[in-house]
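# Structural description and commentary
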Amino acid sequence: MTIAARRYFCDLPPVWLVAALLFAWGQARYFSLGLSFGPVWADLLGGLLVGGGGVLVMLAIMEMRRHRTTLHPHHDAAHLVQSGIFRRSRNPIYLADLMILTGFILFWDAVLSLPLVPLFLWMLERRFVIPEENRLRRQFRMDFAKYCEKTRRWL
């Protein structure tokens, strides 16, 4: 497999999310050191975060499909989506990925995996968000600048 093909198929946020989830699950299962977040509140909050992240992903995908633009982070967008959930966040799918990771860490009592959350955020910004925003900035110029003024990157 060529480097370009590997990047196309392997360097995607869901692949990174699954890797982080597998790491957190393995840590909780085999290296918990008896640590726990406590009683039911972590399970409840974890479930809400995972469920909320799933809803956020679906809302963002539906909005991108409605505008007939790509979901692939390495492709150029056909349209600058500013409606729906994209009025609240420029990166709702990445925000959902963070919510899902955090939710499962809480649900699994993967206390030692908590540092994965800021590391995952940092990786998403460096590998996906900044390059995507640079492409959108070049492609949509003034429209993207106005969008950035009125809509935050995350929340």
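Right above here is the structure, for reference.
Before going into details, it helps to say that this report is about the structure given with it. Since the model is a prediction, treat every value here as computed from it, not as a measurement.

## As for the overall build of the chain
Assigned secondary structure in the chain consists of five helices and zero strands. Reading the helices (α) and strands (β) of the chain from amino to carboxyl end gives α-α-α-α-α. If one aligns the C-alpha atoms of the chain with their principal axes, the spans along those axes are about 55 × 40 × 25 Å. For the chain, the proportion of its 155 residues judged to be buried stands at 41%. Contacts in the chain between residues far apart in sequence, at least 24 positions, make up 76% of those at least 6 positions apart. Surface summary for the chain: the accessible area is close to 9400 Å², and the carbon and sulfur share equals 66%.

## Here's the deal with the packing of helix 3 (residues 40-66) against helix 4 (residues 92-107)
Here helix 3 crosses helix 4 at 160 degrees, and the two axes come no closer than 7 Å. One element, helix 3, and the other, helix 4, form an angle in the roughly antiparallel class. Handedness of the helix 3/helix 4 crossing: left-handed. For the contact of helix 3 with helix 4, the class distribution of residues is 18 nonpolar, six polar and one charged.

## With respect to a nonpolar patch on the surface
On the surface, Trp25, Tyr30, Phe31, Leu33, Leu35 and Leu112 cluster together to form a nonpolar patch covering roughly 650 Å² of accessible area. Tracing the chain through its elements places Leu112 in the loop between helix 4 and helix 5 (116-150).

## A closer look at helix 5
Under the 1.5 Å per step criterion, the end-to-end length of helix 5 is only 30 Å for 35 residues, more than 12% shorter than the ideal 51 Å. For helix 5, the principal kink sits at Phe140 and spans about 125 degrees.

## Comments concerning the pattern of salt bridges
Counted according to the given criterion, the structure contains seven salt bridges. In this structure, the salt-bridge partner of Glu125 is Arg153, at a minimum N-O distance of 3.6 Å. Taken together, the residues Glu125 in helix 5 and Arg153 in the segment after helix 5 connect sequence positions 28 residues apart. Relative accessible area serves as the criterion here: at 17%, Glu125 is assigned to the buried category. Judged by relative accessible area, which is 24%, Arg153 ranks as partly exposed.

## Some details on the packing of aromatic side chains
Under the definition given, this model contains five aromatic pairs. Here the aromatic rings of Phe37 and Trp41 are separated by 6.5 Å at their centres, their planes lie at 70 degrees, and the arrangement is edge-to-face. Aromatic side chains Tyr94 and Phe128 sit 6.2 Å apart centroid to centroid with 35 degrees between the ring planes, which places their arrangement in the tilted category. Here Phe128 lies in helix 5 and Tyr94 lies in helix 4, a separation of 34 residues in the sequence. Judged by its relative accessible area of 1%, Phe128 is buried.

## Here's the deal with the layout of surface pockets
Counted as a void, the largest pocket has a volume near 630 Å³. The wall of the largest pocket is formed by 32 residues, among which Met64, Thr70, Leu71, Tyr94 and Glu132 lie closest to the centre. Top element by residues in the lining of the largest pocket is helix 5. It accounts for eight residues. Partitioning the lining of the largest pocket into residue classes produces 19 nonpolar, seven polar and six charged.

## A closer look at unusual backbone geometry
Residues apart from glycine generally show negative phi values, whereas peptide bonds are mostly found in trans. Notably, Arg68 is not glycine yet its phi reads approximately 50 degrees, a positive angle. Structurally, Arg68 can be placed in the loop between helix 3 and helix 4. With a phi close to 55 degrees, Asp109 is a non-glycine residue in the positive phi region. Counting through the fold element by element, Asp109 comes out in the loop between helix 4 and helix 5.

About the criteria used
- Residues numbered from 1 in each chain as written.
- Predicted model: local features only at pLDDT ≥ 70, side-chain atom pairs only at ≥ 80, totals over all residues.
- Heavy atoms only, no water.
- Helix = DSSP H or I, 4+ residues; strand = E, 2+ residues; numbered from the N terminus.
- Buried < 20%, exposed > 50% of the residue type's maximum accessible area, 1.4 Å probe, protein only.
- Contact = heavy atoms within 4.5 Å.
- Areas by Shrake-Rupley, 256 points an atom, 1.4 Å probe, with all protein chains shown as cover.
- Axes fitted to C-alpha atoms, helices over the stretch in contact; angles between N-to-C directions.
- Parallel < 35°, antiparallel > 145°, perpendicular 65-115°, else oblique.
- Left-handed = near helix turned anticlockwise from the far one by under 90°.
- Nonpolar A, V, L, I, M, F, W, Y, C, P; charged D, E, K, R; others polar.
- Patch = residues over 30% accessible without salt bridge, like charges linked within 9 Å, V, L, I, M, F, W, Y side chains within 5 Å.
- Salt bridge = Lys/Arg side-chain N within 4 Å of Asp/Glu carboxyl O.
- Expected span 1.5 Å × (residues − 1).
- Bend = angle between axes of the 7 residues up to and from the residue.
- Phe/Tyr/Trp six-rings, centres within 6.5 Å; stacked < 30°, edge-to-face > 60°.
- 1 Å grid on protein atoms, 1.4 Å probe; cavity = no way out; pocket = protein on both sides within 12 Å on 5 of 7 lines; lining within 4 Å.
- Points joined across faces, edges and corners; volume = space filled by probe spheres on them.

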